[in-house]
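# Close look at the chain arrangement
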Amino acid sequence: MNVGKRGLLFPAGILLLIVSFGLDAAFRSVFSAAPGYAIEFLMKNVSYYGEGWSLALACALLVILGLVLSKEKWLHAGIIGLYALVCSALAGQLVKHIVGRARPSVADTPFLFHGFFPAAGLTGFDAFPSGHAVATFSLAVVLGRAFPKLRPLLFSLAFLISLSRLYVEAHFFSDVVAGAVGGILIGFCLLRFSTPILAFTSRWEERRGLVSAVAISTLAVFLFFHQLKAAPLFDVDEAIFAETAGEMLATAQPIVPIYNGAYRHDKPILMYWLIGSAFTVFGVNELAARFWSALAGWGVVLATFLFVRSVTTTRCALLSALILATSFEFLLMTHMGITDIVLTFFLGSSLFCFFHALNGTRSARSWPLAGWALAAGAVLTKGPVGLVLTLFPVALYG
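Computed from a predicted structure; not experimentally measured.

### Section: the side chain of S212
The topology assignment puts S212 in helix α11 (residues 208-225). Sequence-distant contacts of S212, that is, excluding residues within four places in its chain, are made with L67, F305, T314 and L318.

### Section: the nonpolar core
If you look at the biggest cluster of nonpolar residues, it comprises 81 residues, and the most contacted ones within it are I64, I216 and V301. At eleven residues, the largest contribution of residues to this core is made by helix α14 (residues 286-311). Judged by nonpolar contacts, the second largest core, of eleven residues, contains F128, L166, F173 and V176.

### Remarks on the packing of aromatic side chains
Under the definition given, this model contains 16 aromatic pairs. Ring geometry for Y48 versus Y49: centroids 4.9 Å apart, planes at 90 degrees, classification edge-to-face. Through a chain of ring-to-ring contacts, the aromatic side chains of F225, F282, F291 and W292 assemble into a single cluster. Positioned over the ring face of F193 is R192, at 5.3 Å from the centre of the ring.

### Structural notes on the packing of helix α13 (residues 270-282) against α14
Contact geometry of α13 with α14 gives a least axis separation of 8 Å together with a crossing angle of 130 degrees. Between α13 and α14, the crossing angle belongs to the class labelled oblique. As for how α13 packs across α14, the hand of that crossing is right-handed. Where α13 approaches α14, its residues M271, L274, I275, S277, A278, F279 and F282 are matched on the opposing element by L287, A288, A289, F291, W292 and S293.

### Observations concerning unusual backbone geometry
A cis amide bond links F128 with the next residue in sequence, P129, at an omega value of -5 degrees. Tracing the chain through its elements places P129 in the loop between α6 (120-123) and α7 (131-146). Despite not being glycine, S70 shows a phi value in the positive range, around 55 degrees. Inspection of the secondary structure assignment puts S70 in the loop between α4 (52-69) and α5 (72-99). The backbone of E169 sits at a positive phi, close to 60 degrees, despite the residue not being glycine. In this structure, E169 sits in the loop between α8 (151-167) and α9 (173-192).

### Quick notes on the pattern of salt bridges
All told, the structure shown has seven salt bridges when counted by the stated rule. Between D126 and R103 there is a salt bridge, and its shortest N-O distance comes to 2.7 Å. Within this pair, whereas D126 is found in the loop between α6 and α7, its partner R103 is found in the loop between α5 and α6, the two being separated by 23 residues in sequence. Across this residue pair, the class does not change: D126 and R103 are buried. For the salt bridge of D266 with R264, the shortest nitrogen-to-oxygen distance reads 3.5 Å. Taking relative accessible area as the criterion, R264 reaches 13% and is therefore assigned buried. Members of the salt-bridge network, linked through shared partners, are D24, R101 and D175.

### Considerations on helix α17 (residues 340-359)
An ideal rise of 1.5 Å per residue puts 28 Å on 20 residues; α17 measures up with 28 Å between its terminal C-alpha atoms. Within α17 the residues assigned to the buried category are I341, V342, L343, F346, L347, G348, S349, S350, C353, F354 and H356. Along its buried surface, α17 packs onto α13, α14, α16 (328-333), α18 (366-382) and α19 (385-397). With its phi angle positive at about 65 degrees, G360 sits one or two positions after the end of α17.

Parameters at a glance
Residues numbered from 1 in each chain as written. Predicted model: local features only at pLDDT ≥ 70, side-chain atom pairs only at ≥ 80, totals over all residues. Heavy atoms only, no water. Helix = DSSP H or I, 4+ residues; strand = E, 2+ residues; numbered from the N terminus. Contact = heavy atoms within 4.5 Å. Core = buried A, V, L, I, M, F, W, Y, C linked by side-chain atoms within 4.5 Å. Buried < 20%, exposed > 50% of the residue type's maximum accessible area, 1.4 Å probe, protein only. Phe/Tyr/Trp six-rings, centres within 6.5 Å; stacked < 30°, edge-to-face > 60°. Lys NZ or Arg CZ within 6 Å of the ring centre and 35° of its normal. Axes fitted to C-alpha atoms, helices over the stretch in contact; angles between N-to-C directions. Parallel < 35°, antiparallel > 145°, perpendicular 65-115°, else oblique. Left-handed = near helix turned anticlockwise from the far one by under 90°. Salt bridge = Lys/Arg side-chain N within 4 Å of Asp/Glu carboxyl O. Expected span 1.5 Å × (residues − 1).

Right, here's the structure in full:
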């Protein structure tokens, strides 16, 4: 797009925004009509997966693939995409709190503006502009520059995600238009200053290990914490661990596990303490019951990356961590409030430490201490098996 045509975008967007206010009522009546099941299912899922976390996940994947495959264009597109999402979120939230417009769920009239409202997000006065629209259109502009053949698809997805916000009655039409205009403006601004942005980021690119660790950690967090509370506790052990931790909190008995009013000595205490601490912070729900499994999964992936990088290359480390993070069974176990992933974290990390201790690498004195401490965590998680599974491979290797 040449400079002349690009210069017309801003006044055209402002004009469209002004016109859109007059169309709010008409669009509200159209989208408030009950849609068919298929349309409703599609729009709710498009709206959900069009949130910032999924867009950030896509950009993180671009960064990881760019690093692994040595694709500089992919790496830079992912980095600028992440900047676009951050700028979109900051700008969108700032305007939301300054304008304080009521969502359709709060007021039927499209012209209820509160003005500056610090608690806008908590009360439903944060409709203008649509955050989904700002983020998706800014990302479409940025990624469309890097991948021109995908530009129609990217803008179609941005349009569909923005349209879904009308179907779920989260925004008025003018909110979506304002978000689209703002997102396109942010995208072009980032492209205009992409050279200094990438020059600034290149200081970190020289530390590829750090960039890779952040990228794989971001991916792991999204994968392991996504939809943690979507399903009820479907495994028997999950329910037992959660119920025991809940009864320990209810009876103020932090030392001895209690299940159905009776003492339970089947498992060591650590997992009950972990779940109980999550219940204290997040409340008694599925997310809290599975929180530490997801966090331990992230720890296993990061520990794997750091260990492999210490003995081979950053690329091998990134591939190893990526394969582990996307393995189906590992991903499933991080969504279950049982001991398996927590035990895996302690065992794996302990063995990594003992490997360095036996090879005399780096701080040889601290590695055995860290290894024994982590082995102790494995014992507190699963019992003597934690010690056996640590000592046996160490003895064979040593």
